[in-house]
Amino acid sequence: MIADALAGRRRGLPELWRRAISSRVGPAGHDAVRPLAAPGYSIAPDSLVPHSPVDGDISVPTQVSALHDIPPDALIKDLEETFGPGTPPAHWRSAAERPTRWLRGYASALADVWNTTEPLWQRARPLLDREIQRVGVTNVRGGPELLLGALSGRIMYGERGLLISDVEATTHELGDRKIVLVPMLAGKDAVIVSLDHPDAVWIAYPVPGADSLWRKPVAPAVDELTALVGPVRADLLCALDQPMTMSMLATDMKIAPSGLTYHCDRLRAGRLITRERRGREVWIARTHRAEELLELFRR
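Residues numbered from 1 in each chain as written. Predicted model: local features only at pLDDT ≥ 70, side-chain atom pairs only at ≥ 80, totals over all residues. Heavy atoms only, no water.

S.K.: Would you take a moment to explain the sheet that holds strand E6 (residues 244–245) for this structure?
M.R.: One key point about sheets: their strands pair by backbone hydrogen bonds, in either a parallel or an antiparallel sense. Taken together, the three strands give an open sheet; going across it, the order is E6-E8-E7, and neighbouring strands pair in antiparallel fashion. In this open sheet, the two strands that pair with only one neighbour each are E6 and strand E7 (273–278). Across six bridges, the pairing between E7 and strand E8 (residues 281–286) is antiparallel. The residue bridging arginine 275 from the neighbouring strand is isoleucine 284, located in E8. (Pairing = 2+ DSSP bridges. Helix = DSSP H or I, 4+ residues; strand = E, 2+ residues; numbered from the N terminus.)

Encoded structure:
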């Protein structure tokens, strides 16, 4: 999501979510992620993922904390191991020159994106559970060849082994290492591969069925929600499928700014929305508490 929405390496993320993610990340985060989409390059240092998926399920807040804790010298060493000794490629030089600043900027981008998309992950739980079952059944009945060839349109399994579409062609021997599959919420063309772990490689691929999550969620039973919070505030909460500015909300709901401010004040007092000023605009977003409330009224 970061590479697509912030760095410009388009991998099929829906435009609605691309705009929502980009709007919530501050300038330091935008600057830090630019190296991830440099033309002609796809290799990045392992510091982007401090805790490997090979080590088990690691929460995003834990990853963010780990980024803050990485010593600057460790990032420099990681860049040298990735690109060789000496000056790194031009798009990574700013990170090498100011490693602490880069680590903090990237961590802030990761945190901002997570704050925006965490509700999406919560709704994805049934898809992830189903994917665990699909992988197990396919591996038993069809073997790893069938399973690996069905992960993504950018991955093929043939006589030459596992072929992954990438702008930097190279060959790696798997040896006795196991393969860890990591389903992710991302654009349909997104694939991430890590080949450096001594015990396993991991492949992240778009979880099947995620198209249903990108669309607007099933509408709440508005009549029941209206009885609880009132018609205007019910419509306002339903309209905030992604963060919006006050002016965007006023236009979308066809309500005067003064009236919108009053209802937003009430929803904020109930901890159902957040307001954040960015320059001249005030951005409104639903809180986790609001997501839980809406979920109670889904049809």
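S.K.: What is the right way to read helix H5 (residues 72–83) from this model?
M.R.: In an α-helix, one full turn covers 3.6 residues, which means residues spaced three or four apart are oriented alike. Spanning twelve residues, H5 covers 17 Å between terminal C-alpha atoms, matching the ideal 16 Å at 1.5 Å per step. When we look at burial in H5, the residues that qualify are Leu75, Asp78 and Leu79. What you see down the axis of H5 is that its buried residues fit within an arc of 100 degrees, all on one side. Exposed and oriented more than 90 degrees from the buried face of H5 are Asp73, Lys77 and Glu81. Where H5 is buried, its residues touch helix H6 (93–97) and helix H7 (99–123). With its phi angle positive at about 95 degrees, glycine 84 sits one or two positions after the end of H5. (Expected span 1.5 Å × (residues − 1). Buried < 20%, exposed > 50% of the residue type's maximum accessible area, 1.4 Å probe, protein only. Arc of directions from axis to C-beta. Contact = heavy atoms within 4.5 Å.)

S.K.: Can you help me understand the pattern of salt bridges in this one?
M.R.: Pairing between side chains of opposite charge can happen when their charged atoms approach one another. This model, assessed by the stated rule, comprises eleven salt bridges. Between arginine 278 and glutamate 276 there is a salt bridge, with its nearest N and O atoms 3.1 Å apart. Assessed through its relative accessible area of 24%, arginine 278 is described here as partly exposed. Across the pair arginine 286 and glutamate 291 runs a salt bridge whose closest N-O atoms are separated by 3.0 Å. Pair check on accessibility: arginine 286 and glutamate 291 agree, each one buried. One network of salt bridges, with partners in common, ties together Asp4, Glu15 and Arg18. (Salt bridge = Lys/Arg side-chain N within 4 Å of Asp/Glu carboxyl O.)

S.K.: I'm lost on the pairing of strand E2 (residues 161–164) in this one. Help?
M.R.: Side-chain positions along a regular strand alternate between the two faces of the sheet. Judged from the four bridges that link them, strand E1 (residues 155–158) and E2 form a sheet pairing that is antiparallel. Across the sheet, the residue bridging to methionine 156 is leucine 163, located in E2. Count of turn residues in the E1/E2 antiparallel hairpin: two residues.

S.K.: I tried to follow the packing of aromatic side chains on my own but got confused; where do I start?
M.R.: By convention here, two paired aromatic rings are described through the distance between centres and the angle between planes. With the rule as written, the count across this model stands at three aromatic pairs. A centroid spacing of 6.5 Å and a plane angle of 40 degrees characterise the contact between phenylalanine 83 and tryptophan 92, whose relative ring orientation is tilted. Judged by its relative accessible area of 0%, tryptophan 92 falls in the buried class. Here the aromatic residues Phe83, Trp92, Trp102 and Tyr106 are joined through ring pairs into a cluster of three or more. (Phe/Tyr/Trp six-rings, centres within 6.5 Å; stacked < 30°, edge-to-face > 60°.)

S.K.: Is there a simple way to think about the sheet that holds strand E3 (residues 178–184) in this case?
M.R.: The three strands lie next to each other as E3-E5-E4, forming an open sheet whose pairing is mixed. The open sheet is flanked by E3 and strand E4 (192–194), the only strands paired with a single partner. Across the sheet, the mean angle separating the axes of adjacent strands is 15 degrees when strand polarity is ignored. In this sheet, strand E5 (residues 200–206) lies alongside E4 in antiparallel orientation, the contact comprising three bridges. Across the sheet, valine 193 pairs through a bridge with isoleucine 203, a residue of E5. (Axes fitted to C-alpha atoms, helices over the stretch in contact; angles between N-to-C directions.)

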